[in-house]
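A closer look at the structure
These are the residues of each chain, in order.
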Amino acid sequence: MNIATDAYYRPLVQRGPVRPADAVILAGGWCWFTHAERLGRHGPSEIVPASAIPDAALQALTAARPMMADIDMSAPRLMGILNVTPDSFSDGGLHNGPARAVTHGQRMVADGADILDIGGESTRPGALEVPAEAEIARIEPVISALNKSVRVPISIDTRKRQVAEVAVSAGAALVNDVSGFTFDRELARYCAQHHLPVCVMHMQGTPEDMQDNPQYGNALLDVYDFLDAQICMLVEAGIPRYRILADPGLGFGKTIPHNLAILNGLSLFHGLGVALLVGASRKGMIREIGKATQPAERMPGSVAVALAAVAQGVQVLRVHDVAETKQALRLWQAVEEGTWDGA
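Conventions we followed
Residues numbered from 1 in each chain as written. Predicted model: local features only at pLDDT ≥ 70, side-chain atom pairs only at ≥ 80, totals over all residues. Heavy atoms only, no water. Helix = DSSP H or I, 4+ residues; strand = E, 2+ residues; numbered from the N terminus. Expected span 1.5 Å × (residues − 1). Buried < 20%, exposed > 50% of the residue type's maximum accessible area, 1.4 Å probe, protein only. Contact = heavy atoms within 4.5 Å. Polar contact = N/O pair within 3.5 Å; in protein donor to acceptor, adjacent residues only side chain to side chain. Pairing = 2+ DSSP bridges. Axes fitted to C-alpha atoms, helices over the stretch in contact; angles between N-to-C directions. Disulfide = S-S within 2.5 Å.

With respect to helix H6 (residues 219-237)
With 19 residues, H6 ought to run about 27 Å at 1.5 Å a step, and its terminal C-alpha atoms sit 27 Å apart, in line with that. Among the residues of H6, Ala219, Leu220, Leu221, Val223, Tyr224, Leu227, Asp228, Gln230, Ile231 and Leu234 are the ones counted as buried. Buried residues along H6 sit in contact with strand S1 (8-11), strand S5 (35-39), helix H5 (185-193), strand S11 (198-201), strand S12 (244-247) and helix H7 (256-264). Two residues or fewer after H6 comes Gly238, characterised by a positive phi angle close to 115 degrees.

As C-alpha cells, this is what we get:
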C-alpha cells in the first residue's frame, strides 16, 4: 500500500534471535528491521528509522499474514511446480500425461511440498495461448487424482475462469494467475464468489511477446504499483486482502537487470500487506548468471535465489526441486537460529 504518491518503504531486513529493543517484526514472520529505505521516483533514497514510517505503511509491513488455504504463513513454505504440458521450458513435457504427473506430484509432497501448483498452459517466453478445452483436458484428471491421494492444497495455474471452475470442482483450493487477473476479467469475480485464495502476479505483455524488449521506468517501483493496483481491484471485487498472495513475476517481461533489481528490493513488497510468493526456479536468469545451459542443471542456482528470497521474509517459494530446497531451508534455518530440535 503506497500511502503517498512518492513514498515507498523498503525494510532493511535482519534476522536472528538477538534483536535491539526498537526492532519490529516483518510480516509476523522470522525477519525484523529497525530501519527502512525510503524510496521515491524523484530524488535520492533516504534511510529512516522504523519509527518514522507512517502508521498505515508500518502496519502493512509488520502485520502477521493469516493462514491461506490452510497453510501457516509464519514460516517459509514450498509450492511444488507440476507442469502438465508438452512444452514447458523447465522439464520439456517430462510430466505430461496424468499417470506421470500424479506420480511426480505425490513425490513432491513426500519431499516436503506444502502446496502443489498445477498448470496446463505453458507460459514460457514465446508460448502461444492454449484453448481452455485443451488446458482442462490436461489438468482435470491430475487434480482429481491428487486431490484423493495427497493432503496438501492444490493450486491451479491458469488465466481463465473456465479452467479455474473445472479445477476447483476437481479439488483445487487456490487460483494462481500469471496475468495478474488482467487476461480474463471474470476470473476475479469467480474467485470472490467461491471464497478462493488467489495469487496475483506481475507480467509485462503476454507469454508470446513478454521478452520482446521489456521496458520500465523503475522496475522495482513499477511492479510494486501494478501489484498494489491489482490487489485493490481484487479487494473491490470481493476477495479479502488476507486471501491474496503477490508474486513480482521474475522472468515475465523482465531482463536480468530487472529481475536483479526486484530481487534486491524484495522486502519492499511486504508493504502490499499480503503474503509474498517468488518463483525463480530454473529460469533464464539462472541459466545466464549460473552458466547452466540445461534447465535440469539449474538446481543449485535456483536454491541460492530461493534462500535469498527467504532472507527477505518471502513466505512462499515456487520451486521444481522440492527435496533440495527443503534440505537447504532446514540448514539455513538451523544456522540462522543457532539451534536444532532434532526433528
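So, the side chain of His202
Positionally, His202 belongs in the loop between S11 and H6. By relative accessible area, which is 6% here, His202 ends up buried. Within the structure, His202 has its side chain in polar contact with the side chain of Lys254 (distance 2.8 Å).

Some details on the sheet that holds strand S2 (residues 14-15)
Taking strand neighbours across the sheet as the criterion, the three strands line up as S2-S4-S3 in an open arrangement whose pairing is antiparallel. Pairing within the sheet leaves two strands with one partner each, and these edge strands are S2 and strand S3 (24-26). Here S3 runs beside strand S4 (residues 31-33); their pairing, made up of three bridges, is antiparallel. Note on S4: the bridge partner recorded for Ile25 is Trp32. Strands S3 and S4 of the sheet are contacted by helix H1 (residues 55-62), whose axis makes an angle of about 60 degrees with S3.

A closer look at unusual backbone geometry
The phi torsion at Asp70 lies on the positive side, around 70 degrees, for a residue other than glycine. Residue classification places Asp70 among the exposed residues on the basis of a relative accessible area of 72%. At Arg282, a residue that is not glycine, the phi angle is positive and equals roughly 65 degrees. Structurally, Arg282 can be placed in the loop between strand S13 (275-278) and helix H8 (284-290).

Points about the state of the cysteines
Summed over the entire model, instances satisfying the criterion amount to zero disulfides. Of all cysteine sulfurs, the one in Cys199 lies closest to Cys191, which takes part in no disulfide; the gap is 11 Å.

A short note on the environment of Met210
With respect to the secondary-structure elements, Met210 resides in the loop between S11 and H6. Its relative accessible area of 2% is what places Met210 among the buried residues. Each C-alpha atom, one on Met210 and one on Leu268, is 24 Å from the other, the two residues being 58 residues apart in sequence.

Side note on the pairing of S1
Residues of S1 alternate between two faces, with Tyr8 and Arg10 on one and Tyr9 and Pro11 on the opposite face, all of them buried. Two elements, S1 and S5, share four bridges in a ladder whose sense is antiparallel. Opposite Tyr9, over in S5, you have Arg38 as the bridge partner.

Everything listed here is a matter of geometry and, on its own, says nothing about what the molecule does.
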